[in-house]
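Working through the structure, step by step
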Amino acid sequence: GLRFFFGVTFFKRLFLIAPALFWLSLFLIPLLSYFLYFQVMEERSFGKSLREAWRQFRYAFGGTIGVLLMLLFVTLVYYLLLSSPVFGLYMSLLDWHFTGDTGSLSFQLLQAAYLLLYTLGFQLVLPLFVIGLGFQYLSNVEYAEGRAMQARIAQIGTKNKVYES
(Lines give C-alpha, C1' and ligand atoms only; values in the text may rest on other atoms or scores of the structure.)
Protein backbone atom coordinates (compact mmCIF):
# COMPACT_ATOMS: atom_id res chain seq x y z
CA GLY A 1 0.00 0.00 0.00
CA LEU A 2 1.46 3.28 1.20
CA ARG A 3 4.91 1.84 1.81
CA PHE A 4 5.15 0.82 -1.83
CA PHE A 5 3.73 4.16 -2.99
CA PHE A 6 6.12 6.28 -0.91
CA GLY A 7 8.98 3.76 -0.98
CA VAL A 8 12.20 3.83 -2.94
CA THR A 9 10.46 3.22 -6.26
CA PHE A 10 8.34 6.35 -5.77
CA PHE A 11 11.44 8.53 -5.40
CA LYS A 12 13.13 6.84 -8.34
CA ARG A 13 10.07 7.57 -10.44
CA LEU A 14 9.96 11.14 -9.14
CA PHE A 15 13.55 11.79 -10.17
CA LEU A 16 12.77 10.41 -13.61
CA ILE A 17 9.43 12.16 -14.08
CA ALA A 18 10.27 15.66 -12.74
CA PRO A 19 12.98 16.51 -15.31
CA ALA A 20 10.85 15.03 -18.08
CA LEU A 21 7.93 17.25 -17.06
CA PHE A 22 10.24 20.28 -16.94
CA TRP A 23 11.60 19.70 -20.45
CA LEU A 24 8.13 18.87 -21.78
CA SER A 25 6.73 22.11 -20.36
CA LEU A 26 9.72 24.03 -21.73
CA PHE A 27 8.72 22.86 -25.20
CA LEU A 28 4.94 22.98 -24.80
CA ILE A 29 4.64 26.53 -23.45
CA PRO A 30 6.08 28.26 -26.55
CA LEU A 31 4.41 25.82 -28.93
CA LEU A 32 0.99 26.40 -27.38
CA SER A 33 1.54 30.16 -27.24
CA TYR A 34 2.43 30.20 -30.96
CA PHE A 35 -0.67 28.13 -31.61
CA LEU A 36 -2.82 30.63 -29.72
CA TYR A 37 -1.25 33.55 -31.60
CA PHE A 38 -2.08 31.92 -34.92
CA GLN A 39 -5.60 31.15 -33.74
CA VAL A 40 -6.28 34.67 -32.48
CA MET A 41 -4.18 36.99 -34.65
CA GLU A 42 -4.17 35.14 -37.95
CA GLU A 43 -7.67 33.61 -37.56
CA ARG A 44 -6.70 30.30 -39.11
CA SER A 45 -8.26 26.88 -38.65
CA PHE A 46 -7.14 24.50 -35.92
CA GLY A 47 -4.98 22.34 -38.19
CA LYS A 48 -3.35 25.25 -40.01
CA SER A 49 -2.65 27.00 -36.71
CA LEU A 50 -1.04 23.90 -35.28
CA ARG A 51 1.05 23.40 -38.42
CA GLU A 52 2.18 27.04 -38.49
CA ALA A 53 2.95 26.97 -34.75
CA TRP A 54 5.15 23.91 -35.24
CA ARG A 55 6.86 25.55 -38.22
CA GLN A 56 7.56 28.78 -36.27
CA PHE A 57 8.74 26.80 -33.25
CA ARG A 58 11.19 24.78 -35.36
CA TYR A 59 12.26 27.86 -37.32
CA ALA A 60 13.40 29.86 -34.29
CA PHE A 61 13.89 27.17 -31.68
CA GLY A 62 16.92 28.72 -29.99
CA GLY A 63 15.48 32.22 -29.86
CA THR A 64 12.18 31.00 -28.49
CA ILE A 65 13.78 28.90 -25.77
CA GLY A 66 16.12 31.81 -24.98
CA VAL A 67 13.22 34.23 -24.55
CA LEU A 68 11.38 31.71 -22.41
CA LEU A 69 14.41 31.13 -20.18
CA MET A 70 14.93 34.88 -19.76
CA LEU A 71 11.28 35.32 -18.78
CA LEU A 72 11.57 32.43 -16.33
CA PHE A 73 14.66 34.08 -14.82
CA VAL A 74 12.86 37.42 -14.38
CA THR A 75 9.94 35.61 -12.75
CA LEU A 76 12.29 33.70 -10.47
CA VAL A 77 14.04 36.89 -9.34
CA TYR A 78 10.72 38.64 -8.66
CA TYR A 79 9.36 35.80 -6.56
CA LEU A 80 12.67 35.33 -4.76
CA LEU A 81 12.56 38.98 -3.77
CA LEU A 82 8.98 38.59 -2.55
CA SER A 83 9.75 35.49 -0.53
CA SER A 84 13.11 36.64 0.83
CA PRO A 85 13.59 37.09 4.56
CA VAL A 86 14.51 40.74 4.01
CA PHE A 87 11.05 41.45 2.57
CA GLY A 88 9.49 39.64 5.53
CA LEU A 89 11.64 41.71 7.88
CA TYR A 90 10.45 44.95 6.30
CA MET A 91 6.84 43.81 6.42
CA SER A 92 7.17 42.84 10.09
CA LEU A 93 8.76 46.23 10.86
CA LEU A 94 5.87 47.98 9.16
CA ASP A 95 3.46 45.75 11.02
CA TRP A 96 5.19 46.52 14.31
CA HIS A 97 5.24 50.30 13.77
CA PHE A 98 1.84 50.93 12.26
CA THR A 99 -0.47 48.41 13.82
CA GLY A 100 -1.63 47.91 17.32
CA ASP A 101 -4.10 45.08 17.03
CA THR A 102 -5.45 42.92 14.24
CA GLY A 103 -8.75 44.76 14.11
CA SER A 104 -7.28 48.18 13.40
CA LEU A 105 -7.55 49.88 10.05
CA SER A 106 -3.77 50.17 9.65
CA PHE A 107 -3.37 46.40 10.11
CA GLN A 108 -6.00 45.73 7.48
CA LEU A 109 -4.39 48.21 5.07
CA LEU A 110 -0.99 46.60 5.61
CA GLN A 111 -2.41 43.15 4.94
CA ALA A 112 -4.16 44.46 1.83
CA ALA A 113 -0.86 45.93 0.59
CA TYR A 114 0.90 42.62 1.26
CA LEU A 115 -1.74 40.68 -0.68
CA LEU A 116 -1.64 43.28 -3.45
CA LEU A 117 2.09 42.68 -3.94
CA TYR A 118 1.59 38.95 -4.38
CA THR A 119 -1.46 39.37 -6.61
CA LEU A 120 0.22 42.07 -8.63
CA GLY A 121 3.16 39.74 -9.07
CA PHE A 122 0.95 37.20 -10.81
CA GLN A 123 -0.73 39.96 -12.81
CA LEU A 124 2.68 41.19 -13.98
CA VAL A 125 4.33 37.85 -14.62
CA LEU A 126 1.64 36.27 -16.78
CA PRO A 127 1.35 39.22 -19.21
CA LEU A 128 5.15 39.37 -19.30
CA PHE A 129 5.19 35.83 -20.72
CA VAL A 130 2.46 36.63 -23.23
CA ILE A 131 4.11 39.86 -24.37
CA GLY A 132 7.59 38.33 -24.55
CA LEU A 133 6.47 35.34 -26.60
CA GLY A 134 4.31 37.67 -28.72
CA PHE A 135 7.34 39.77 -29.60
CA GLN A 136 9.23 36.60 -30.44
CA TYR A 137 6.36 35.48 -32.67
CA LEU A 138 6.21 38.82 -34.50
CA SER A 139 9.98 38.84 -34.88
CA ASN A 140 9.91 35.34 -36.37
CA VAL A 141 7.09 36.19 -38.76
CA GLU A 142 8.79 39.39 -39.88
CA TYR A 143 12.09 37.63 -40.44
CA ALA A 144 10.51 34.71 -42.30
CA GLU A 145 7.90 36.51 -44.39
CA GLY A 146 9.14 40.10 -44.52
CA ARG A 147 5.72 41.71 -44.16
CA ALA A 148 7.07 45.22 -43.58
CA MET A 149 9.35 44.86 -46.58
CA GLN A 150 6.45 43.68 -48.74
CA ALA A 151 4.41 46.70 -47.64
CA ARG A 152 7.31 49.00 -48.58
CA ILE A 153 7.65 47.29 -51.97
CA ALA A 154 3.92 47.79 -52.54
CA GLN A 155 4.48 51.52 -51.93
CA ILE A 156 6.91 51.76 -54.85
CA GLY A 157 5.43 53.82 -57.63
CA THR A 158 2.92 55.64 -55.43
CA LYS A 159 3.57 59.19 -54.43
CA ASN A 160 4.52 59.39 -50.81
CA LYS A 161 6.26 62.48 -49.50
CA VAL A 162 7.92 60.63 -46.64
CA TYR A 163 10.11 58.42 -48.83
CA GLU A 164 10.78 60.90 -51.64
CA SER A 165 13.98 62.85 -51.52
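Use the structure listed above.
Everything numeric here is computed off the predicted structure, so don't read it as measured data. (Residues numbered from 1 in each chain as written. Predicted model: local features only at pLDDT ≥ 70, side-chain atom pairs only at ≥ 80, totals over all residues. Heavy atoms only, no water.)

Looking at the overall build of the chain
Stated precisely, the cut-off is as follows: Helix numbering and strand numbering both begin at the N terminus, where a helix is a DSSP run of H or I of at least 4 residues and a strand a DSSP run of E of at least 2. Each residue is assigned to one of three classes by its accessible area relative to the maximum for its type, calculated with a 1.4 Å probe on protein chains only: buried under 20%, partly exposed between the two thresholds, exposed over 50%. Contacts are assigned to residue pairs that have any heavy atoms within 4.5 Å of one another.
The helix and strand inventory of the chain stands at seven helices and zero strands. Seen in sequence order, the chain has helices and strands lined up from the N terminus as α-α-α-α-α-α-α. When the 165 residues of the chain are sorted by exposure, 24% land in the buried category. Sequence-distant contacts in the chain: of pairs separated by 6 or more residues, those separated by 24 or more amount to 64%.

Here we look at the packing of helix 4 (residues 61-82) against helix 6 (residues 105-145)
This is how it is decided: Lines fitted to the C-alpha atoms define the axes, with helices restricted to the stretch that makes contact. Angles between their N-to-C directions range from 0 to 180 degrees. Angular relationships are summarised with four words: roughly parallel below 35 degrees, roughly antiparallel beyond 145, roughly perpendicular across 65 to 115, and oblique for the angles in between. Crossings are classed by handedness, with left-handed meaning an anticlockwise turn of the near helix from the far one by less than a right angle and right-handed meaning a clockwise turn. Each residue gets one label: Ala, Val, Leu, Ile, Met, Phe, Trp, Tyr, Cys and Pro are nonpolar, Asp, Glu, Lys and Arg are charged, and the others, such as Gly, are polar.
Put simply, helix 4 and helix 6 touch, their axes get as near as 10 Å, and they point 165° apart. By the angle between their axes, helix 4 is roughly antiparallel relative to helix 6. You can see that helix 4 and helix 6 cross each other, and the crossing is right-handed. Contacts from Gly 63, Thr 64, Val 67, Leu 68, Leu 71, Leu 72, Val 74, Thr 75, Tyr 78, Tyr 79 and Leu 82 in helix 4 reach Leu 117, Tyr 118, Leu 120, Gly 121, Phe 122, Val 125, Leu 128, Phe 129, Gly 132, Leu 133, Gln 136 and Asn 140 in helix 6. Here the contact of helix 4 with helix 6 is built from residues that sort into 16 nonpolar, seven polar and no charged.

What about the pattern of salt bridges?
For clarity, the threshold we go by: For this analysis, a salt bridge means a side-chain nitrogen from Lys or Arg found within 4 Å of a carboxyl oxygen belonging to Asp or Glu.
In the structure shown here, the tally under the stated rule is two salt bridges. Across the pair Glu 52 and Arg 44 runs a salt bridge, and its minimum N-O distance is 3.6 Å. A residue is classified by how much of its surface remains accessible, and Glu 52, at 16% relative accessible area, is buried. With a closest N to O distance of 2.7 Å, Arg 55 and Glu 52 form a salt bridge. Of this pair, Arg 55 and Glu 52 both sit in helix 3 (residues 46-59), three residues apart, which is roughly one turn of the helix. Among the charged side chains, a network of salt bridges with common partners joins Arg 44, Glu 52 and Arg 55.

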